[in-house]
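Chain residues, written in single-letter form:
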Amino acid sequence: MALAREVYQAFEDIVGNRNISEDIGVCETYRSIPSQTSAHYGPSKEWTPLPQAVILPGSTEEVQNIVKICNKYGIEFKAGSTFWATMAYIGGDNAVQLDMRRMKSIEIDAKNMAAVVEPFAIAGTIQAEAMKVGLNVQIPGVGCSSSTLASSSGWAGFGPASIFMGANPENLLGAEWVLPNGEILRTGSLGSGDGWFCGEGPGPSTRGILRGIFGPAGSMGVCTKIATRLHPWPGPKQFRTYGKAPAYKADFGDNFKCYTLCYPDWESWARSVQYFHESDVLYIGHRQFNMFGRNLKAFMLNIITDPEKQLSDLPELLKDPEIQKHNDNMKHDYQVVIAGMTKRDMEYKEKAIDYILEQTGGWKHEMMLEKEKHDYALAYMTRLGHKNLNYVMCGAYEGTFGLSGNVWKTIQVVEEASAQKRKWETEHTCIAATGGDSAMGGVSSLGGGGATGWEFFTNFDSYELESVQGTSDMVDENQAFHNKYAFGPDFCRWNSDVRHVNGYSYTQEEHDEMFAKAPQPWIYAYQYKIREAVNPNHLCGSYLRTLSPGKLEGK
Amino acid sequence: MESLKKKLVGIVGARNVIDNRDVLDSYSKDESFATPMKPWFVVKPENAAQVKELVKSARETETPLVPVSSGAPHFKGDTVPSVPQSVIVDLSGMNKIISVNRQQRMAVIEPGVTYDQLQEALAKEGMTLAVSLRPRANKSVLTSVLEMEPRLNCIHQFNYTEPLRCSEVTFGDGNQIYTGEAGNGPKDLQTQWDLGKWQVMSNGPNMMDFLRMVMQAQGSMGIVTWVSLKCELLPSIHKMYLVPAKKSVDLEDFLYKVVRVRFSDKQFIMNKACLASLLADSKEDIAKLKSELPAWVSAVGISGDILLPEMKVSAQEQDIADFAQDCGLQFLSSLPGATGEEVLARSIGTCEGKHWKQTAKGAFQDIFFITTLDKTSVFINAMYELAIEAGYPTEDLGVYIQPQHMGTSVHLEFSLPYDPENTKEAKMVKALYTVASEKMSSLGGYYARPYDIWANIQLKKDAQSYKVLQDLKGIFDPSNIMNTGKLTLK
């Protein structure tokens with residue numbers, strides 16, 4: 001079903017003929033297999049629907065005019081920036097895809113530590129600009145090629161540096177938003193033209209309808225510009241690397257150190273994490289950044305950091321008793337970066353780490369002190385520019401489990417979860433055997449600490465149906481584990497209630513059926529009412545979880 | 001009126017429904033210039049279930065409700081009814097500390113809990129709560145955090161809403177939910193704790209953030225009956241240093257340097273009138289201090305807790321002293337008329353009885369808003385000019401600059417002490433307050449907490465936000481019973 005000519009012409013009149021296409025070859029490239037990472041839909045063999053046209057707006061005004069046309073003709077729309085996630089793609093047949101790549105400006109207010117950015121300004125570019133003025137940006141786990149606007153306004157937005165820099169919703173200072181009804185809402189001080197410095201109020205904060213623990217994933221219109229808080233960067237003005245791809249390394253000077261801190265058991269591991277949550281010592285903290293599990297990580301670090309080595313060298317390396325010793329020493333570990341704002345600050349942070357290790361029986365991993373490995377880990381953790389490695393092994397990647405919340409609770413079950421994942425690695429052929437315990441995640445998903453989340457990395461082949469189905473079966477089993485310990489949805493199922501497995505949106509009746517059973521269903525009823533206020537024509541798919549209030553009468 | 005009373009008695013009991021004339025009079029006004037309006041009743045619910053029933057009943061009878069949690073005196077007009085026949089919902093009797101969890105550094109409290117009460121309970125567990133500047137002893141902690149009163153420490157303000165995390169709220173439509181992480185679990189705190197959930201994460205619970213519907217709302221959306229709070233470790237070493245300057249602008253670069261690298265645990269700037277009021281207990285002492293203190297002072301707190309406190313404090317003392325020297329400033333433990341210890345104790349301690357700003361002349365009117373540190377001098381100069389034009393003694397004008405949200409913005413507060421018995425002076429201050437409020441807005445001052453006349457000033461500048469706010473009001477308070485008349489254009 002092609003768009004009516006008058007509709008297509010109306011869109012073309014807004015953006016110009018170079019920035020719109022209904023060519024089938026172009027439109028086909030704007031479909032997603034909902035199994036790709038960050039979608040957290042879980043493995044699927046389906047594709048999202050084919051858009052009727054792809055439109056590339058160049059300004060907020062153009063976005064607003066497009067949305068008004070969509071409302072006039074009843075056409076669904078969805079905006080995507082870097083398209084890492086299936087949530088960026090449309091969920092119906094009568095829909096157009098907005099690709100925000102033309103809007104990529106970055107303006108930095110160095111004094112007040114903020115950057116005003118457009119959708120296609122990726123974290124790596126913002127970081128490069130920020131470093132020039134001694135600042136840094138929080139890069140979420142998805143990596144530096146993700147849109148900072150999207151992670152701030154549209155989805156989760158936490159990463160290895162969140163303990164120091166906060167998660168991106170915490171960093172969100174203000175937002176300019178084209179609502180689904182075509183009105184433009186500017187939150188906080190921006191709305192009255194006073195500047196980007198405060199995203200809240202006046203009075204109750206309208207940003208509350210634009211993002212919660214997650215953003216609305218494109219279901220509440222189009223966020224066209226945000227201000228994000230920046231953070232101190234006491235390093236060089238340029239992120240200079242050395243080494244050969246993909247083993248890029250960096251040396252930022254004496255006031256940066258990257259350690260792999262190891263502990264004898266989970267109890268001491270958690271005690272050390274609590275110390276870090278209660279102090280201001282860490283700049284970055286993350287477990288198992290290199291995406292290989294407990295049985296392999298030291299071996300794989302020797303491959304990854306050496307461009308002369310490749311995966312086929314693994315069997316030989318596994319015979320090396322010295323590396324095996326290193327591997328055994330880093331079972332209960334995480335990687336940290338400390339950054340000294342001054343020489344004295346660095347001395348304090350070094351001593352603080354030694355003190356915590358002393359109190360918890362921990363140690364710094366020796367192999368990771370070797371300069372090249374140190375510099376590799378430092379570069380990786382600081383930029384998250386190696387995320388392509390997620391896909392190298394099998395072509396597709398998913399994170400499962402996602403043991404989120406209280407670290408003292410998660411350590412009670414992590415071994416059982418690891419054993420379950422390991423069973424699928426060894427007894428089935430659907431996922432890659434990545435070394436057992438693959439619990440991976442930031443030391444805190446909140447600024448200043450207080451919560452953690454462990455995603456178990458899973459590599460599979462999205463073009464091999466057996467692999468897709470097997471992985472999905474594994475996730476079902478992991479979901480049962482989550483149910484048993486009240487962890488909520490498995491990471492792979494976070495979005496299973498917002499889009500059908502075939503890529504299409506849910507109907508209201510289907511959502512009503514799901515959310516009437518929620519522990520606090522009025523939350524979904526309020527989301528329904530707010531959607532009705534700003535999206536009366538229901539043009540942005542079903543990512544916003546809603547429940548018809550009529551279903552709650554008498555409750 | 002009698003039938004309403006009967007309904008209220010049926011919900012909270014006869015002893016908790018008050019229609020004594022003197023009591024009603026006391027709730028009909030505050031210390032601001034807000035127009036007095038006597039309520040019909042004051043009710044004192046004892047639990048969240050009664051609050052929910054009160055709201056449901058008020059919807060049926062279309063009775064305006066005004067939630068109040070702190071004890072008198074009040075100063076912003078937000079607790080004064082704006083419409084006749086209102087019922088004050090006084091939550092001060094709900095004053096339980098529901099839980100304190102050292103491992104998670106979280107506390108859950110009811111609306112009537114005061115700072116002293118909470119800090120004492122937290123201290124037993126080796127914790128403390130980041131405070132706003134010298135709160136009144138009967139100030140509700142819940143109201144203070146819900147209304148986003150700025151904390152003295154912006155460094156740990158990762159989220160604008162810190163230290164507030166989750167809440168239980170009964171909206172004006174009579175429905176009650178938990179916000180934040182707590183909204184994802186069963187609606188029972190004990191069950192959540194048994195599951196290892198301690199109401200830590202503030203956003204959400206889902207794709208919208210309902211805490212933000214009630215924050216800075218002056219009770220106009222619903223009534224909050226508990227909040228969870230992120231606590232800090234109790235310092236084992238706690239010091240405060242003072243950096244004097246002739247002009248506020250001289251302190252800007254210094255404060256930017258300190259905040260940027262996240263040193264210090266408290267940081268603010270005051271002029272001598274404000275600092276003298278903070279420190280002194282009598283008019284005479286204030287006058288004496290004003291003659292001794294430097295024109296402007298930046299106060300910087302440094303603390304250490306359990307992790308090598310001596311080393312941390314020593315390192316920051318030396319580094320911050322270096323920053324001061326780089327800016328041509330002195331980093332001192334005391335000044336003529338004030339020591340760092342005194343400023344620290346006064347800043348974080350509570351004040352009994354009257355507000356500390358009442359000491360100078362008996363009454364005061366504040367004007368506060370949000371801006372950025374580099375713009376503060378523009379507002380300060382404008383305020384002094386307006387004061388001179390109005391004939392207000394500029395030596396009495398208090399100025400307080402509090403960085404917030406990790407220094408990305410500041411709360412700028414002007415205080416105008418006056419003698420309430422002097423009709424002419426009170427009239428002059430009221431006129432100055434009106435003119436200056438408009439002027440600050442025209443210069444880009446942002447009234448994020450738009451009390452009293454600021455609602456009109458701020459909301460007129462942002463038609464789209466006002467429209468969305470009205471839509472939200474219609475959703476969460478469809479009968480317009482929650483603090484009716486607040487946050488509306490007049």
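Residues numbered from 1 in each chain as written. Chains lettered and ligands numbered in written order. Predicted model: local features only at pLDDT ≥ 70, side-chain atom pairs only at ≥ 80, totals over all residues. Heavy atoms only, no water.

Draft legend 1. Structural view of the interface of chain A and chain B. Taken residue by residue, the interface counts 89 residues in chain A and 94 residues in chain B. Between chain A and chain B the total buried area reaches about 7,800 Å² when both faces are included, carbon and sulfur atoms providing 60% of it. Counting every contact that joins chain A to chain B gives 6 salt bridges. K111(A) is paired through a salt bridge with D253(B); the nearest N and O atoms lie 3.9 Å apart. Contributions of two or more residues to the side of chain A that touches chain B are made by α6 (162–165), α7 (168–171), β9 (184–186), β11 (231–232), α8 (266–277), α12 (343–360), α15 (407–427) and α18 (522–534) of chain A. Of the residues assigned to the side of chain A that touches chain B, the class counts are 44 nonpolar, 27 polar and 18 charged. (Contact = heavy atoms within 4.5 Å. Buried area = accessible area lost by both parts, 1.4 Å probe. Salt bridge = Lys/Arg side-chain N within 4 Å of Asp/Glu carboxyl O. Helix = DSSP H or I, 4+ residues; strand = E, 2+ residues; numbered from the N terminus. Nonpolar A, V, L, I, M, F, W, Y, C, P; charged D, E, K, R; others polar.)

Draft legend 2. Main features of the domain arrangement of chain B. Residues and elements named next belong to chain B. Along its sequence, chain B is organised into domain 1 (1–234 + 452–490) and domain 2 (237–442). Facing the 33 residues of domain 1 at the interface are 47 residues of domain 2. Among the residues domain 1 hides against domain 2, the three largest losses belong to F33, R134 and W454. Together they make up 25% of the total. At the junction of domain 1 with domain 2, the criterion picks out 0 salt bridges. At the boundary of domain 1 and domain 2, one finds 20 residue pairs in polar contact (both at pLDDT 80 or more). (Domains from an automatic or database assignment. Polar contact = N/O pair within 3.5 Å; in protein donor to acceptor, adjacent residues only side chain to side chain.)

Draft legend 3. Structural detail: helix α13 (residues 371–383) of chain A. Over its 13 residues, α13(A) extends 18 Å from the first C-alpha to the last, a length consistent with the 18 Å expected when each residue adds 1.5 Å. The element α13(A) is extensively covered by neighbouring structure, given that 11 of its 13 residues are classed as buried. (Expected span 1.5 Å × (residues − 1). Buried < 20%, exposed > 50% of the residue type's maximum accessible area, 1.4 Å probe, protein only.)

Draft legend 4. The arrangement of the environment of E464(A) in detail. Within the secondary structure, E464(A) is located in the loop between β18 (452–460) and α16 (465–484). Separated by 419 residues in sequence, E464(A) and K45(A) have C-alpha atoms that sit 8.8 Å apart.

Draft legend 5. Looking closely at the sheet that holds strand β4 (residues 95–99) of chain A. All names here are of chain A. In spatial order, the strands read β1-β2-β4-β3; together these 4 strands make up an open sheet with mixed pairing. Edge strands, defined here as strands with exactly one partner in the open sheet, are β1 (20–21) and β3 (76–80). Of the strand pairs in this sheet, β1 and strand β2 (residues 53–55) are connected by 2 bridges, and their pairing is antiparallel. Paired with I20 across the two strands is I55, which belongs to β2. (Pairing = 2+ DSSP bridges.)

Draft legend 6. Quick look at the nonpolar core. Counting residues in hydrophobic clusters, the biggest one holds 224 residues, and the most contacted among them are F210(B), F254(B), I367(B), F414(B), M440(B) and F476(B). The residues contacting F414(B), other than those within four sequence positions of it, are Q365(B), D366(B), I367(B), F369(B), F379(B), I380(B), M383(B), L397(B), G398(B), V399(B) and M440(B). (Core = buried A, V, L, I, M, F, W, Y, C linked by side-chain atoms within 4.5 Å.)

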